[in-house]
Amino acid sequence: MDQAISCLGQAGCAKLIDFNPLRVNNVDLPAGAQFVIANSCVEANKAATNHFNTRVAECRIAAQILAKSQGLDWRKIKKPFDFQKASNSSFKELIEITQSVLHEQPYSIEEVCRILEATQQELILNSLNQNTANLKEFQLYKRVMHVFCEAQRVYDFRDACKLESCTAFEVMGKLMNQSHESCKDLYDCSCPELDELTKICRESGAYGSRLTGAGWGGCTVSLIPNDKLESFLDSIKERYYEKNDRLKNLFIESAFPTKPSDGISIVLS
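1. Thoughts on the nonpolar core
Of all hydrophobic cores here, the largest spans 32 residues; its most connected members are Phe83, Leu102, Val112, Phe138, Leu140 and Phe148. At the level of elements, helix 2 (51-69), helix 4 (91-101), helix 5 (109-116) and helix 7 (140-160) are the ones that each hand at least two residues to this core. Excluding residues within four positions of it along the chain, Leu102 makes contact with Ala62, Ile65, Leu66, Tyr107, Leu140, Tyr141 and Val144. Of all hydrophobic cores here, the second largest spans 17 residues; its members include Ile224, Leu233, Tyr240 and Phe251.

In structure tokens form, the structure reads like this:
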């Protein structure tokens, strides 16, 4: 996705990017507000944790159990998208299937094997890898529910951009807030600093605020009315960045407005 938007970015509009196959559509943003990036200044040490690999495994196993519940060959399912394609389901239908099939409590490896009618060795072969083969418990409902709901929110956000500006911003902000809560509660990829910063952003005038990127640190993105930009930046500076000298020194490079811009281009001299 990062590579796609870096190449295909266009000034003045967002991009709806679909994959398998790659398809790109323009999404015109309503006038009257802008996005502001604010860095939590927390760095996630990706090499020191197994968070990413664990989420991949949990989503794969969840999709495989859902596939089996629908009479599909679960061994052919490697990610939620595979299940969506095999079942020919909309995201709303996928959410309903998930709610009816999976329970919210964690699954033990024994329960997963029993549902899939597989041995632990088969599960390791078809669902895990060397980084996740030692996992004994899986949060299946939460992870795949986040994936399906987040995908639906993308299309809801696109549709909201077609509304009258005031209504559009309210809906867009609500979707951004829902996204952050889902990242925090279902996918568990937020952190206390991101939760604090998004809360401050909302209380400082943002229609909505959410983490952006992989999570466990990094940046937030907020939707701000144009006439509140200055007061918004002053507020988050005082409430978040002036807590200590390190954050105070990082403010200038950590919080700034942004807008859709052109992607890469060839410059001929």
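From this point, things continue past the structure.
2. With respect to the sheet that holds strand 8 (residues 255-258)
Taken in spatial order, the 4 strands of this open sheet run 6-7-3-8, and their pairing is antiparallel. Of all the strands in the sheet, just strand 6 (208-212) and strand 8 have a single pairing partner and so form its edges. Direction aside, neighbouring strands of the sheet carry axes that sit 25 degrees apart on average. Pairing geometry for strand 3 (residues 33-39) and strand 8, over 4 bridges, is antiparallel. The residue of strand 8 that forms the bridge with Ala38 is Ala255. Against the sheet, helix 11 (residues 245-254) contacts strand 3 and strand 8, and its axis sits at roughly 10 degrees relative to strand 8.

3. Thoughts on the pattern of salt bridges
Applying the stated criterion across every chain, the model contains 14 salt bridges. Arg210 serves as the salt-bridge partner of Glu150, at 2.9 Å between the closest nitrogen and oxygen. On the criterion of sequence distance, the pair formed by Glu150 in helix 7 and Arg210 in strand 6 is long-range, its members being 60 residues apart. Residue Glu150 is classed as buried on the basis of its relative accessible area, which comes to 17%. Asp159 is paired through a salt bridge with Arg158; the nearest N and O atoms lie 3.1 Å apart. Residue Asp159 is classed as partly exposed on the basis of its relative accessible area, which comes to 32%. The class of Arg158 is partly exposed, set by a relative accessible area of 27%. Through salt bridges with shared partners, a single network forms among Glu150, Arg153 and Arg210.

4. Section: unusual backbone geometry
Cis geometry marks the peptide bond from Asn20 to Pro21, where omega comes out at 0 degrees. With respect to the helices, strands and loops of the structure, Pro21 is situated in the loop between strand 1 (13-18) and strand 2 (23-28). With phi around 55 degrees, Asn20 is a residue other than glycine that occupies positive phi space. Positionally, Asn20 belongs in the loop between strand 1 and strand 2. Overall, Asn20 belongs to the exposed group, its relative accessible area being 53%. The phi dihedral of Trp216 is positive, around 60 degrees, even though this residue is not glycine.

What counts and how
Residues numbered from 1 in each chain as written. Predicted model: local features only at pLDDT ≥ 70, side-chain atom pairs only at ≥ 80, totals over all residues. Heavy atoms only, no water. Core = buried A, V, L, I, M, F, W, Y, C linked by side-chain atoms within 4.5 Å. Buried < 20%, exposed > 50% of the residue type's maximum accessible area, 1.4 Å probe, protein only. Helix = DSSP H or I, 4+ residues; strand = E, 2+ residues; numbered from the N terminus. Contact = heavy atoms within 4.5 Å. Pairing = 2+ DSSP bridges. Axes fitted to C-alpha atoms, helices over the stretch in contact; angles between N-to-C directions. Salt bridge = Lys/Arg side-chain N within 4 Å of Asp/Glu carboxyl O.

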